[in-house]
Amino acid sequence: MAAIERKFNLQVPSSTENLALIREFVTSVGRQATLGEEEISKLELAVDEACANVIEHAYGHDTAKAVSVRAVFDDEKLLISVIDEGRGFDPTQVQSESVEQLVHERASGGLGLRLIRTLMDEVKYEIVPGEKNELHMTKRIKK
């Protein structure tokens, strides 16, 4: 029998004040997807970081813009997508140094995507110049 797929969407103004609402949304979806509390915490942190990056970098704190979070899950995996229409970036330009090395060098920038990659099982970035940016983050559901 085919797995039932569940879909949820949240769209909020681009403001750091809405990060708590986004975390609550992600936590609720994680629980419905039967993730454990540790995995939900990782998911929450990854999505929070992705949304904070959109608010700060893609939109420059322009609260007239919106951040969308889409969640889709079945019995095997949970896919969270953060979608914006702001300034995109090329994720291949993010260096491959470890987080520890960047902290030691006191580097700024690029830590968010590295953190997200360590917290999630799979991360993909899709950009349609001038239209939208989508960060797709997958967490496998372990039974």
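So, how was this worked out
Residues numbered from 1 in each chain as written. Predicted model: local features only at pLDDT ≥ 70, side-chain atom pairs only at ≥ 80, totals over all residues. Heavy atoms only, no water. Helix = DSSP H or I, 4+ residues; strand = E, 2+ residues; numbered from the N terminus. Buried < 20%, exposed > 50% of the residue type's maximum accessible area, 1.4 Å probe, protein only. Areas by Shrake-Rupley, 256 points an atom, 1.4 Å probe, with all protein chains shown as cover. Expected span 1.5 Å × (residues − 1). Contact = heavy atoms within 4.5 Å. Lys, Arg positive; Asp, Glu negative; His and termini not counted. Salt bridge = Lys/Arg side-chain N within 4 Å of Asp/Glu carboxyl O. Polar contact = N/O pair within 3.5 Å; in protein donor to acceptor, adjacent residues only side chain to side chain.

> Tell me about the overall build of the protein chain, and please be specific about residues and values.
Within the protein chain one finds four helices and five strands. For the protein chain, the α and β elements follow one another from N to C terminus as β-α-α-β-β-α-α-β-β. Expressed as a percentage of its 143 residues, the buried residues of the protein chain come to 39%. Approximately 8,600 Å² of the protein chain is accessible, and the part contributed by carbon and sulfur atoms is 48%.

> Just give me the short version of helix α1 (residues 19–32), but keep the residues and values in it.
Since the α-helix advances by 3.6 residues per turn, residues separated by three or four positions end up pointing in the same direction. The terminal C-alpha atoms of α1, which comprises 14 residues, lie 20 Å apart, in line with the 20 Å expected from a rise of 1.5 Å per residue. Listing the buried residues of α1 in full gives Leu19, Ile22, Phe25, Val26, Thr27, Val29 and Gly30. Looking at the buried side of α1, the elements it contacts are β1 (6–13), α2 (37–58), β2 (66–73) and β3 (77–84).

> Please set out the side chain of aspartate 74 residue by residue, giving values where relevant.
With respect to the helices and strands, aspartate 74 occurs in the loop between β2 and β3. We note that aspartate 74 is buried and unpaired, the nearest opposite charge coming from lysine 77 at a distance of 5.2 Å. A distance of 3.1 Å separates the side chain of aspartate 74 from the backbone nitrogen of lysine 77, its partner in a polar contact.

> Go over the environment of methionine 120, please, and point to the residues and values.
Within the element layout of this structure, methionine 120 appears in the loop between α4 (111–119) and β4 (122–128). Sequence spacing of methionine 120 and valine 47 is 73 residues, and the spatial spacing of their C-alpha atoms is 9.8 Å. Excluding residues that lie within four positions of it along the chain, methionine 120 makes contacts with Leu43, Ala46, Met137, Thr138 and Lys139.

Keep in mind that these numbers describe shape and distance, not what the molecule does.
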